[in-house]
Amino acid sequence: MIIRVSDLHKSFGDNEVLKGIDCEVEPQEVVCVIGPRGSGKSTFLRCLNMLEEITSGEVVIDGKSLTDKNTKINDVRTEIGMVFQQFNLFPHMSVLENISLAPRKVRGLSEQAVRERGLKLLDKVGLGEKAEAYPAQLSGGQQ
Ligand SMILES: Nc1ncnc2c1ncn2[C@@H]1O[C@H](COP(=O)(O)OP(=O)(O)OP(=O)(O)O)[C@@H](O)[C@H]1O
Ligand SMILES: [Mg+2]
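Treat the numbers as computed from the prediction; the structure is a model and nothing was measured.

### Focus: the domain arrangement of the protein
- Taken domain by domain, the protein consists of domain 1 (3-77) and domain 2 (95-136).
- For domain 1 versus domain 2, the distance between C-alpha centres works out to 29 Å.

### What about a negative patch on the surface?
- Taken together, the side chains of Asp 7, Asp 22, Glu 24, Glu 26 and Glu 29 present a region of like negative charge at the surface.
- With respect to the helices and strands, the residue Glu 29 is situated in the loop between strand E2 (15-25) and helix H1 (41-47).
- Given a relative accessible area of 41%, Glu 29 falls into the partly exposed group.

### Considering the pattern of salt bridges
- Under the definition given, this model contains 5 salt bridges.
- Residue Glu 52 pairs with Lys 10 through a salt bridge whose shortest N-O separation is 3.9 Å. Of this pair, Glu 52 sits in the loop between H1 and strand E3 (56-61) while Lys 10 sits in strand E1 (residues 3-12), placing them 42 residues apart in sequence. When sorted by exposure, Glu 52 lands in the same class as Lys 10, which is buried.

### Digging into the side chain of Ser 65
- Here Ser 65 shows up in strand E4 (residues 64-65).
- Among the residues examined, Ser 65 registers a relative accessible area of 11% and is labelled buried.
- At 3.1 Å, the side chain of Ser 65 forms a polar contact with the side chain of Glu 58.
- The contacts of Ser 65, once residues within four sequence positions are left out, are Glu 58, Val 59, Val 60 and Thr 71.

Definitions and cut-offs
- Residues numbered from 1 in each chain as written.
- Chains lettered and ligands numbered in written order.
- Predicted model: local features only at pLDDT ≥ 70, side-chain atom pairs only at ≥ 80, totals over all residues.
- Heavy atoms only, no water.
- Domains from an automatic or database assignment.
- Patch = residues over 30% accessible without salt bridge, like charges linked within 9 Å, V, L, I, M, F, W, Y side chains within 5 Å.
- Areas by Shrake-Rupley, 256 points an atom, 1.4 Å probe, with all protein chains shown as cover.
- Salt bridge = Lys/Arg side-chain N within 4 Å of Asp/Glu carboxyl O.
- Lys, Arg positive; Asp, Glu negative; His and termini not counted.
- Charge placed at Lys NZ, Arg CZ, Asp CG, Glu CD.
- Helix = DSSP H or I, 4+ residues; strand = E, 2+ residues; numbered from the N terminus.
- Buried < 20%, exposed > 50% of the residue type's maximum accessible area, 1.4 Å probe, protein only.
- Polar contact = N/O pair within 3.5 Å; in protein donor to acceptor, adjacent residues only side chain to side chain.
- Contact = heavy atoms within 4.5 Å.

Here it is in structure tokens:
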């Protein structure tokens, strides 16, 4: 099991958004979280890498408990990818620079390795010719 969530509670003031969530995800499994606006989907995902402080309960990612004081949360975060609702692209960086930043800064990969992988991934999604474009030059879907 890659993710195990037990009795997760999260409140903002007296607004209890997550009321005891239990969930297990196996490697390779694809899970969709579905629900009305404001029901707590993003809050739940943010709790999975401690972008939100957990009110109570436990989250274990790949055997590491996020609430354990000995867990180095930034190490766990290097293995968790998240695409946000807003694109949060850096406007002064090209497409390739935007997608290269995290692998370089967080993973410490070389510029050469990151560039090759980035171009390959852009090609895969049909954006190879936009590598040097800036976010403002892209359509919403391309962003
Ligand atoms: N930082 C915060 N401070 C206070 N309340 C918050 C905060 N973040 C979220 N909430 C509240 O928590 C509830 C759940 O919000 P959340 O963003 O998790 O919903 P969602 O299911 O992702 O909604 P949507 O489908 O609109 O993206 C909402 O009532 C929201 O107002
Ligand atoms: Mg949301």
